[in-house]
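What the coordinates show
Now for the letters of each chain:
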There are 2 protein chains.
Amino acid sequence: MPEIEFVLCEPLYEGNIGFAARVIKNFGFERMVLINPPEIGDEAIARSSHARDILENAERCTFDEVIEHSNLLVATTGELSKTISTAMRMPYYSPSELRGMLDGIDGRVSVIFGRENWGLSNEEVKKCDIICTIPTSPVYPIINISHAIGIVAYELAHLTRREYPHATRTEMDSLYSHFNDFLDRIDHQDFKRENTMIMLRRIFGRTRLTPREVTTMHGLLRRTEWHLNNKK
Amino acid sequence: MPEIEFVLCEPLYEGNIGFAARVIKNFGFERMVLINPPEIGDEAIARSSHARDILENAERCTFDEVIEHSNLLVATTGELSKTISTAMRMPYYSPSELRGMLDGIDGRVSVIFGRENWGLSNEEVKKCDIICTIPTSPVYPIINISHAIGIVAYELAHLTRREYPHATRTEMDSLYSHFNDFLDRIDHQDFKRENTMIMLRRIFGRTRLTPREVTTMHGLLRRTEWHLNNKK
């Protein structure tokens, strides 16, 4: 697994640096590198919230020092037509493509984000190995730097949600069998039976029930059956 | 295609509303709905940047009005262990899974984001059809609301980057043929030839050259050949 660091190249606003620290930590990363940042004050600290450690441990480097310590440099650039027409910023990859490209890479990978007002210079982009661009609307393509970092971090995080179990084949079959008995109980017409059962399988198949939901469905059917059997 | 709207339920800070408007527009969406928001002032306007139209056109609704006008309600919730253990917030889907679930759905889809400090209430979640959770680090799972909206909007946007062409099979074959001739020119040993050609195909195959890059490679080879032929 590569060790990913997020590099902010000459950020202008401390608030963005604080927000950046927060999303970096939200997605399980730890390293923030700052190239010539403004003074870090109360606003950055407030916006970093519980990621003040990321902010305080941020490494201060020059661009050349980043190049020196990094195994792979990724330049992130906005999707501006005036810049992508040049060979220097081509070809470019989306964050999800980047995720695939980093699979199996070892060492330090630096994902570099440019200045809020004009991004990275051609000189800086030239020194990078891969160009990454977040696909945005042509109506308003310029994303706030902390939101851009959030999206790249989200894609690179490889986080899986805590897993919850789905009902097993056996549990589902038992539910369908219960449905079938229930259809008997309500004198569902024979000629419709097969199609109705198929429809129930379609509905409950695509909804991917949890075991608890299966139990609840059985409960509802049983409760209905009891009322049918004990009706006045 | 569903018409997606982003609903902020009782947001506390106008700054977050401004940032939300901006990311909504960044990913090509237009509709923001505000349930009982704070006063919108200079900070929201500043942070919305060129998405002031989204901010100004935001619809003010009650939760029940959202339910009434919407075809599908998606509750977004933080991945807190105390909440996900309840059946009400299960099963939950990631933003990329949500994207798949909305494929082919028509009508208005409301993606609802809760308060900055305690999210959505159980009463509110109960009224929703689908639960969506952004996978985050257990170390610091609480994402700023505007960053959460950004990530969901990014996933739901279905935006494709402007396409650029890759070199065709014929262009690549012509390059490999040029490499092969070049190996002749530098007396590359016969017994190594096949492996070297395979390696060149591997390298340039996986790097997916653009036509312009192929042209440049030919140019470099030709320039080298000229120097080999005209050496003093």
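Residues numbered from 1 in each chain as written. Chains lettered and ligands numbered in written order. Predicted model: local features only at pLDDT ≥ 70, side-chain atom pairs only at ≥ 80, totals over all residues. Heavy atoms only, no water.

Concerning the sheet that holds strand β1 (residues 3–9) of chain A
All names here are of chain A.
- Taken in spatial order, the seven strands make up an open sheet running β3-β2-β1-β6-β4-β7-β5, and their pairing is parallel. At either margin of the open sheet sits one strand with a lone partner, and together these are β3 (59–61) and β5 (92–93).
- Bridge analysis of β1 against strand β2 (residues 31–35) gives five bridges, and the strand direction is parallel. From the neighbouring strand, Glu 5 faces β2, where its bridge partner is Arg 31.
- Each of β1 and β2 is contacted by helix α1 (residues 14–26), which is oriented at about 155° to β2, the strand it contacts most. (Pairing = 2+ DSSP bridges. Helix = DSSP H or I, 4+ residues; strand = E, 2+ residues; numbered from the N terminus. Contact = heavy atoms within 4.5 Å. Axes fitted to C-alpha atoms, helices over the stretch in contact; angles between N-to-C directions.)

A closer look at the environment of B:Ala21
Residue and element names in this part refer to chain B.
- With respect to the helices and strands, Ala 21 occurs in helix α1 (residues 14–26).
- Given a relative accessible area of 0%, Ala 21 falls into the buried group.
- Sequence-wise, Ala 21 and Arg 31 are ten residues apart; in three dimensions their C-alpha atoms are separated by 8.8 Å.
- Once residues lying within four places of it in the same chain are set aside, the contact partners of Ala 21 are Met 32, Ser 48, Ala 51, Ile 54 and Leu 55. (Buried < 20%, exposed > 50% of the residue type's maximum accessible area, 1.4 Å probe, protein only.)

What to know about the interface of chain B and chain A
- Counting residues at the interface gives 51 residues for chain B, matched by 51 residues for chain A.
- For the pairing of chain B and chain A, the buried interface totals around 4400 Å² over both sides, and the portion due to carbon and sulfur atoms is 59%.
- Across the chain B-chain A interface, the total number found is 18 residue pairs in polar contact (both at pLDDT 80 or more).
- Counting residues per element, the ones that place at least two in the side of chain B that touches chain A are α1, α2 (42–48), α5 (81–84), β5 (92–93), α6 (95–102), α8 (145–156) and α11 (211–229) of chain B.
- Looking at the side of chain B that touches chain A residue by residue, the class counts come to 22 nonpolar, 18 polar and eleven charged. (Buried area = accessible area lost by both parts, 1.4 Å probe. Polar contact = N/O pair within 3.5 Å; in protein donor to acceptor, adjacent residues only side chain to side chain. Nonpolar A, V, L, I, M, F, W, Y, C, P; charged D, E, K, R; others polar.)

Examining the pattern of salt bridges
- Evaluation of the coordinates by the stated rule reveals 28 salt bridges over all chains.
- For the salt bridge of B:Glu5 with B:Arg31, the shortest nitrogen-to-oxygen distance reads 3.7 Å. One end of the pair, B:Glu5, is in strand β1 (residues 3–9); the other, B:Arg31, is in strand β2 (residues 31–35), and 26 residues separate them in sequence.
- With a relative accessible area of 27%, B:Arg31 lands in the partly exposed category.
- Connected through shared salt-bridge partners, A:Glu3, A:Glu5, A:Arg31, A:Glu59 and A:Arg108 make up one network. (Salt bridge = Lys/Arg side-chain N within 4 Å of Asp/Glu carboxyl O.)

A few points about the relation of the copies chain B and chain A
- Placing chain B over chain A gives an RMSD of 0.0 Å and needs a rotation angle of 180°, together with 0.0 Å of translation along the axis. Look at the turn and shift together and you get a two-fold axis relating the two.
- An overlap of 100% is found between the interface residues of chain B and their copies at the interface of chain A, pointing to a shared contact surface. (Least-squares fit on C-alpha atoms with pLDDT ≥ 70 in both.)

Considerations on the domain arrangement of chain A
- Along its sequence, chain A is carved into domain 1 (3–156) and domain 2 (169–229).
- Here domain 1 of chain A and domain 2 of chain A have C-alpha centroids that lie 52 Å from each other. (Domains from an automatic or database assignment.)

Section: the sheet that holds β5(B)
All names here are of chain B.
- In spatial order, the strands read β3-β2-β1-β6-β4-β7-β5; together these seven strands make up an open sheet with parallel pairing. Of all the strands in the sheet, the pair left with one neighbour each is β3 (59–61) and β5.
- Bridge count for strand β4 (residues 72–76) against strand β7 (residues 130–132) is three bridges, and the pairing is parallel. Residue Ala 75 lies in a different strand from β7, and its bridge partner there is Ile 131.
- Those strands touched by α1 are β1 and β2, and its axis lies near 155° from that of β2.

Here's the deal with the state of the cysteines
- With the rule as written, the count across this model stands at zero disulfides over all chains.
- Of the cysteine sulfurs around A:Cys132, a residue in no disulfide, the closest is that of A:Cys128, at 11 Å.
- The thiol sulfur of B:Cys128 is not disulfide-bonded, and the nearest other cysteine sulfur, from B:Cys9, lies at 9.1 Å.
- Under the relative-accessibility criterion, B:Cys128 is labelled buried at 11%. (Disulfide = S-S within 2.5 Å.)

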